[in-house]
Each structure stands twice: as C-alpha cells, then as structure tokens.
Amino acid sequence: MSEIVFDHEAASWTEALPLGNGLLGAMVFGGVAHERIQLNEDSCWSGGPMERVSDDCLPHLAEVRELLFEEKPEEAEALAAQTMYASYPHMRHYQTLGDVWIDFPELQGIRRALKDENGLPSIKAESANIEGYERRLDLGQAVEFLAFRHEGGVQRRQAFISFPAQVLVYHIASSRPFSAEVSATRKDNRSGRGSSYCDGCRVLDDGKTIALWGTNGGADGIHFETCVRVLSDGRVHRGGSHLIAEGAHEMCVLVAARTSFRSADPLGWCCATLDAAEAKGARSLLAEHVADYHSLFDQCRIRLGDNAPSQGTTAQRLESLRRGGQDPGLVETYFDYGRYLLIASSREGGLPANLQGIWCDQFEPVWGSKYTVNINLQMNYWMAEAAGLSALTLPLFEHLLRMLPRGEAVARRMYGAGGFCCHHSTDIWGDCAPQDAHPTSTIWPMGAAWLALHVIEHWRYTHDGAFLDTCFCIVEEAARFLAEYLVEDRQGYLVTGPSVSPENAYLAGTGELGSLCMGPAMDTEIVRELFSGYLELAPRAAADRELMKTVASEIGHLRPLEIGRYGQIVEWSHDFDEAEPGHRHISQLFALYPGSSIRPETTPELAEAAGRTLERRLQHGGGHTGWSKAWIALLYARLHRGDAAWENFLGLLQHSTQDNLLDSHPPFQIDGNFGGCAALLEMLVQDFGDEVLLLPALPEGLPCGSVEGVRLKCGGRLRMRWMQGRLVEARVEATRDASLRLRVFPDGSAHGLMLKSGCVTSIVL
C-alpha cells in the first residue's frame, strides 16, 4: 500500500500533505491542538484580463532580425526591449485562497512566551501530552488519516476532497468529548505581517456556515467565496465570525469554494453545494469519492522488487536513500504519488496544473505560480497519456482553446502573421503576450507550437474523432503562424526569429553576450515535430489545403541539426560558446525527448552527440533543479543508458524532494514530480507508434518488476513482467485493430504482433 507517513505535525508547509480534486486544493498540516488547512481554488488569480501587446513590434521586426543575422545581439536586444516587450511586463498570477483553522482547547498544553524569527515576542500554546501520533496520506484512496491518543482516549481524523461532491471533507471522531473552534482567514501568515486579502467574513443566517469573500484585481477582477460548514453531534454556536462546537464526539467540517471565473453567484453555488454534501453524509461522500478516484488511479501500476512492507516514515526512508540505501518501494510510492498529484490538480472542468499543481500558500508566489510554457507546463503532462490518464489532459486542451483568440491577436499585431502564438508564459485568461523583461526568455514565441504537440499526442493515443474536430484548430493555427513566421537565413534555410534558446545565453563571434537569436536548434526541432504532426492529422480533419502544401514544402527547408566542435548538438544557428555551460535547460535535445527525431536506432551520430551534450552539461554543474534532473533522466533513457537515467532519477529523490515528496526546484515546483514519473516509465517502455521498446533503459537497480495498464499509441494496454533484468512475459490488450512491432531489450529482439480489438496478444520469453 502506497502511503506518505509522518510521525509528527507539519512544522512547515513542505511537511503538510496535499489534497485536491482538480478545482479545490488543500495542504493539511495535521496539527493536534491547532489544525491548519491551507486552501486553493484553481481560478483564484490576482485579477481580470489585461491587454499588454505592444504595437511597436511589427515596424521594427525586420530591423531586429537583420541585427541578429549580423551577429549584433546587444543592439538587437536593446531594440527588442524598446519595441517588442509587452506594454506592461507582468500578466496575472495565481494565489492562495486562504486558510481554515480548527482549534481544540482540550488538546492545548502549556503556553510559552517565545520569540519568532524576527525576534518579536509571541505566545504559543503547545499541544498536550499526545501518544501514538500518526499522520498518513493513503495514495490508494486519496484520503489523509490522522490518529493519536490523549488521556486514555483516541481521536481519529480523516480528510479528502471529493470531485463528485466538489467539497473538502474533514471528519473527526473521538472516544472522549471535545470542543473545537473553526475559523477562516485570508491573510499573510508570515511572522510580523498583518496584511489581509479579503473583503469580509461572517457566519451566515443558518448558524452553521462561515462565509469569507473578496475580489482580486478591481471591478473586473475575480470575486471569490469560501464557505465552511460545521456539523456535529454536539452543540454548534456562533462566536463572532467563528463557529464553536461543544460536547462533541463527532464533527464534520465541509468546505466549498467558488469564484466568478466560473459562476455568476459564487456564494449561492457554495451554499447549494454544501447543502447537497450535507444531505449525503460523510460516509456516502467518502464512498463516492473513493470510487471516483479509483476509476483513474487504478488505470496503471508499477511494481518493483519483492514488495516487502515499508519501514519507517517517509522522511526516514528518503534519508536512507540519500545515504545510498535501496528502497524500490519508495520508488513505487513516488510513481503513485505523481499520478495522485495529477488526479488531484487536473480534472475536467478545471484549469491545467500550474507550476505548483494547485497548491500555493502565497499571495506573490515565485514565478507567479503561472503556466510557464517553455517546458514546465508541458512536463506536467508528459506521463499522462501512457499512464492511462488521458482524461486529465482535457483541462490543458480547454485552456488552449481559451488561449487561441488571444494568441491570434498577438501573432497578427506583433509579427504580422496569421495563426496562433504564445510566448513563454500564460495565465488564467490565456494571455499570450511576452512576459517579464528578460533577454533570455521574454521573446520566445514558440509556446503555442510546443503545446499543440500535446493535441497531436492525445490523438495518437485515443483516435478520438470528436476531440480532433474540436482541437485540430489548435494544431492548424500554430502551424499557420510558424509557416508565416519562418524567414530565410544567410545559408538559405528557413529559421525562426527573433527567438531564444530558453533562458540560456551565448557568446557571439564578435564577443558580444547574447540570448536573442535567429534559428535556435530547439525552435527548429519544435517546428519539424509540429509540421510533421500537422501533416499526419490534416487528412483526418477539415484542414486548409493551401496550408498543407506550404507546410509540406517548408519542412524540407528547415536548418538541419549540427554537431559542434565539442561533439555536442549545436544549440544555436552557429557553434557559439555558452555563457553557462551547465545551464538547467537542455533545449537543443528537444528532438531526443519529448521529440523523437533523434534515436540511437535511426540517427546514431546525433544520438552520440546528444550523449556528449548531456555529459558537458553535467560536467559543468547541470541538473541542479528538480525538473532538470527529471528531464536528464528522460534523455538518458531515450539513449538507452539505463544506469545514467537511474542515477539522475535517484538524484531527483535524494536532492530535490521534500519530506512530503513534493519536488523542490527549489522552491516547490511540481513539474519535477511529474517529470520524474515520466522518466521511470520511459526507462521501461518507449512508444514510437509503430514500434514499442520494452525495457530499453532498465537500470541494474531495478532487476525485477512488473507494469500494468501502460497505454500504447496503437490503442493497446500493455502488461509485462521482468526478472533478473530480462523480460519474462508481455501482454497487449487491444482496443482497436493494429499492427505493432515490439523490440525487447537488452538484446533488441523484434516481435511482430497483429492486434485485434478486444483480444489479448502475448509473448513469453
């Protein structure tokens, strides 16, 4: 059974345990005497839509390009900063919804006078004498449990967030009567801060519901409502804006939240939702929640080793791993946790998982906790299709449709082009204009093109005609933009630009330091993947025939990948030296992963150069962030270098994972969790459509195991088992007729299969 286990209350946010249903999220601290439930609602952002596009870009676009062709990046970047950057550099950002607090007077111990981190005096009540404390998150049920003993009595609590009921449920059962005081706040919880971010809080006329409300960003901003209902077998009464339960053996706190992004009447929606949940009762809510969760979580499983029962808390097991210990069970838990987190942060009707999934405790989070689309949002969904979680990608596609008209306006006004583009970030409103004012990242109009590749992948896995009818426009308009954005360079190749190799910098031949450039390798790799995918889907959709001809012509005139003087893949249009050879982005290897045009089987020279590129990055300190470690593990897996992939995967757990198993960039950033899960899958199964590789990068550290439910692009569900590093059995359950070639490693033996819908085909070795 996969669990995250603590034997103490959370001392910080990174020890709290996450709950979520894709729209509502919470971090539960497990406090005995003072419980904190930090809340998020995925549409609680800092304000309404903004118009930020600069109309000075297009008149100066040709001049910026010419300066870059002349290798004058400093002049080009200065002109771009004046004319291409957004009229206001920052779009809207994500925010915490606030906190629910539950205080238990009988469980408070002595009060002590303390000084906080600022040296200011404060009074803190410690918890009473508690025995047998255990706090755990059951990943098989998506339920958090807390239990302890106090003065001969036992108290048990459980918490979950239901997708069907759209409420958080916090249930308390005690063998001894207790009292509790429940309140809600939206404030800065840091010591010495007094800022509040709500417009009001009161108990409603029903006498059992607290309502907290406010509006972010002015009259056209986002109005939010949080409603907390307290139900008990004891007496419940009001105390100001608090609710107090007395003489209780059982208490249930229900929380609902809504914003004006989805509802014209958020308060009315919350009250109706709480009424419906109250009518069902806690037991029915739990059964309904677990059944809904199992429909997703049970789609795919990985088993490693002998599945011996785990020992110790999760923090203790992580520390053992850091000291060189082996713990296949913790790796299983990490994979289960990644799937849990995606289910909890990306459900139909909600927004995509952002930089922190759905969990954010700040009003001004790092990087705005937005959608960064030069790798991070994409990495959130890399494992989804193969892990049987295709349904969880729907929020991403719904958001792309929201972005589409905004991106079309940006393409037209900035670049004089048709189609759809987005720069390196977007927000709740689908803003596609340049974000920030940084030469290394701001002017990179490739975000929409990269995201459109997820539409292509979803089609490849599902062959969902209705989906293609709705979302093919994303692919076509992204391709249309690129077809018009490409220009001819001095060698006659078609290149993008002005653009960047995300967040990196180079030394031009003139000695100038630059980031803005023409034709970075990653851009060309994205263009090639998108154009190929567009031509694949176009015959199945109502495609623009003229655009099809243009794309088919242009794809043959793209700049080819080059191998540089260090034996590496050249990152820019010339073999420039890097300003930071150990940079966290390895953008020039996009064609290796998530792309597929570099493969050891088909492009051995480029694959060797990709390996050299990775070695140089690591030799100079690369892989120092969580998501970068995950990407490196994926890249090594694609090179069939299992032990190197495993080393970087373990590095992700050892050096970039908090005690609650959330990724640390640092600070917390969820893409590392999702990227790590994708890396583990990629070591075991690699799917190129007509060919599937089994155990292509199996490390020595995983000699035995099994997988079940891995989805294949041919429409199959894969189940396989291996022992002593070799495949024992593989079974493919087909959902549509297809032909498939399996290549089994380490010997690379090939097995041709003819799949028939509804039937199971096996190979036994």
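All values reported here derive from a predicted model rather than from experimental measurement.

**Student:** Whenever I open this one, the overall build of the protein chain confuses me. Can you help?
**Tutor:** Looking only at helices and strands, the protein chain features 16 helices and 32 strands. Taking 27 Å as the expected radius of gyration for a compact globule of 765 residues, we find that the protein chain reaches 27 Å, a close match to that expectation. Considered along the principal axes of its C-alpha atoms, the protein chain spans approximately 80 × 65 × 50 Å. Within the protein chain, contacts between residues at least 6 apart in sequence are counted, and of these 67% link residues at least 24 apart. With an accessible surface of roughly 27,200 Å², the protein chain has 49% of that area assigned to carbon and sulfur atoms. Positive and negative side-chain charges in the protein chain, numbering 68 and 100 respectively, have mean positions lying 4 Å apart.

**Student:** Would you explain the nonpolar core in this entry?
**Tutor:** Nonpolar side chains in soluble globular proteins tend to be buried together. Within the largest apolar cluster, 230 residues are counted, with the highest numbers of intra-cluster contacts made by Y415 and M720. When residues of this core are assigned to their parent elements, the largest contribution, twelve residues, is made by helix α10 (residues 465-485). Residues in contact with Y415, not counting those within four places in the same chain, are C57, L58, L61, M84, V410, C421, H423, I443, P445, F481 and Y485. Grouped together as the second largest cluster of nonpolar side chains are 20 residues, V167, A211, A277 and L285 included.

**Student:** What am I meant to see in the pairing of strand β31 (residues 749-755) here?
**Tutor:** For a regular strand, side chains alternate in direction, first toward one face of the sheet and then toward the other. Sheet analysis places strand β30 (residues 738-744) next to β31, joined by seven bridges and oriented antiparallel. Counterpart to R743 in the pairing with β31 is A750. Hairpin connection between β30 and β31: a loop of four residues separates the two successive antiparallel strands, and G748 in this loop has a positive phi of roughly 80°.

**Student:** Hey, could you run me through the sheet that holds strand β26 (residues 691-694) in this one?
**Tutor:** Note on sheets: strands pair through backbone hydrogen bonds, and any given pair is parallel or antiparallel. The sheet built from four strands is open, its strands ordered β25-β26-β30-β31 with mixed pairing. Since the sheet does not close on itself, it has two edges, and those belong to β25 (685-687) and β31, each with one partner. The mean angle between the axes of side-by-side strands here comes to 20°, regardless of whether they run parallel or antiparallel. Pairing of β25 with β26, which is carried by three bridges, proceeds in the antiparallel orientation. Bridge pairing in β26 links Q686 to L693.

**Student:** Teacher, can you tell me more about the packing of helix α14 (residues 626-638) against helix α15 (residues 642-655) here?
**Tutor:** Each pair of packed helices can be described by the angle between their axes along with the distance between the axes. For the pair α14 and α15, interaxial distance at closest approach is 7 Å and the crossing angle is 165°. It follows from the interaxial angle that α14 and α15 lie roughly antiparallel. In this structure, α14 meets α15 at a crossing whose hand is left-handed. Contact residues: α14 offers G626, K629, A630, I632, A633, Y636 and A637, while α15 offers A644, A645, N648, F649, G651, L652 and H655.

**Student:** Any chance you could explain the sheet that holds strand β17 (residues 301-304) here in plain terms?
**Tutor:** The strand order across the open sheet formed by five strands is β17-β27-β28-β29-β32, and the pairing between neighbours is antiparallel. Only two strands of the sheet have a single partner each, and these edge strands are β17 and β32 (760-764). Adjacent strand axes in the sheet meet at a mean angle of 10°, parallel and antiparallel pairs treated alike.

**Student:** Help me out: how do you make sense of the packing of aromatic side chains in this one?
**Tutor:** By convention here, two paired aromatic rings are described through the distance between centres and the angle between planes. By the definition in use, this model includes 21 aromatic pairs. An angle of 15° between the planes, with centres 3.8 Å apart, marks the rings of Y197 and F363 as stacked. In this pair, Y197 sits in the loop between β11 (167-185) and β12 (200-203) while F363 sits in the loop between α6 (328-345) and β18 (371-372), placing the two residues 166 residues apart along the sequence. With a relative accessible area of 31%, Y197 lands in the partly exposed category. Geometrically, the ring pair formed by Y293 and Y340 is edge-to-face, given 6.2 Å between the ring centres and 70° between the ring planes. Taken together, the residues span a long stretch of sequence, with Y293 in helix α4 (residues 282-297) and Y340 in helix α6 at a distance of 47 residues.

**Student:** Sorry, what's going on with the environment of C360 here?
**Tutor:** Looking at the element boundaries, C360 is found in the loop between α6 and β18. Owing to a relative accessible area of 0%, C360 belongs among the buried residues under this scheme. Taking the C-alpha atoms as reference, C360 lies 27 Å from D298; in sequence the two are 62 residues apart. In this structure, C360 is in contact with W13, Q38, N40, Y94, Q95, T96, P365 and S369, ignoring residues within four places of it in sequence.

**Student:** Help me understand α4 in this model?
**Tutor:** Given 3.6 residues per turn, any residue in an α-helix points the same way as the ones three and four places further on. The end-to-end C-alpha separation of α4 is 22 Å, in line with the 22 Å expected for 16 residues at 1.5 Å each. Every buried residue belonging to α4 is among L285, L286, H289, V290, D292, Y293, L296 and F297, and all of these are buried. Down the axis, α4 shows its buried residues gathered within 170° of arc, on one side only. Exposed side of α4, more than 90 degrees from the buried face: R283 and A291 are the residues found there.

**Student:** What am I meant to see in the pattern of salt bridges here?
**Tutor:** Working definition: two side chains of opposite charge can pair if their charged atoms are close together. Under the definition given, this model contains 49 salt bridges. Linking D55 and R413 is a salt bridge whose minimum nitrogen-to-oxygen distance equals 2.9 Å. With D55 in the loop between β4 (34-41) and α1 (57-69) and R413 in helix α8 (residues 394-415), the pair connects residues that are 358 residues apart, well separated along the chain. Accessibility expressed as a relative area gives 47% for D55, which makes it partly exposed. A salt bridge links E457 to K713; the shortest N-O distance between them is 3.2 Å. Taken together, the residues E457 in helix α9 (residues 447-462) and K713 in the loop between β27 (705-711) and β28 (716-723) connect sequence positions 256 residues apart. The exposure class of E457 is partly exposed, given its relative accessible area of 22%.

Conventions adopted
Residues numbered from 1 in each chain as written. Predicted model: local features only at pLDDT ≥ 70, side-chain atom pairs only at ≥ 80, totals over all residues. Heavy atoms only, no water. Helix = DSSP H or I, 4+ residues; strand = E, 2+ residues; numbered from the N terminus. Rg over C-alpha atoms; globule rule 2.2 N^0.38 Å. Contact = heavy atoms within 4.5 Å. Areas by Shrake-Rupley, 256 points an atom, 1.4 Å probe, with all protein chains shown as cover. Lys, Arg positive; Asp, Glu negative; His and termini not counted. Charge placed at Lys NZ, Arg CZ, Asp CG, Glu CD. Core = buried A, V, L, I, M, F, W, Y, C linked by side-chain atoms within 4.5 Å. Buried < 20%, exposed > 50% of the residue type's maximum accessible area, 1.4 Å probe, protein only. Pairing = 2+ DSSP bridges. Axes fitted to C-alpha atoms, helices over the stretch in contact; angles between N-to-C directions. Parallel < 35°, antiparallel > 145°, perpendicular 65-115°, else oblique. Left-handed = near helix turned anticlockwise from the far one by under 90°. Phe/Tyr/Trp six-rings, centres within 6.5 Å; stacked < 30°, edge-to-face > 60°. Expected span 1.5 Å × (residues − 1). Arc of directions from axis to C-beta. Salt bridge = Lys/Arg side-chain N within 4 Å of Asp/Glu carboxyl O.

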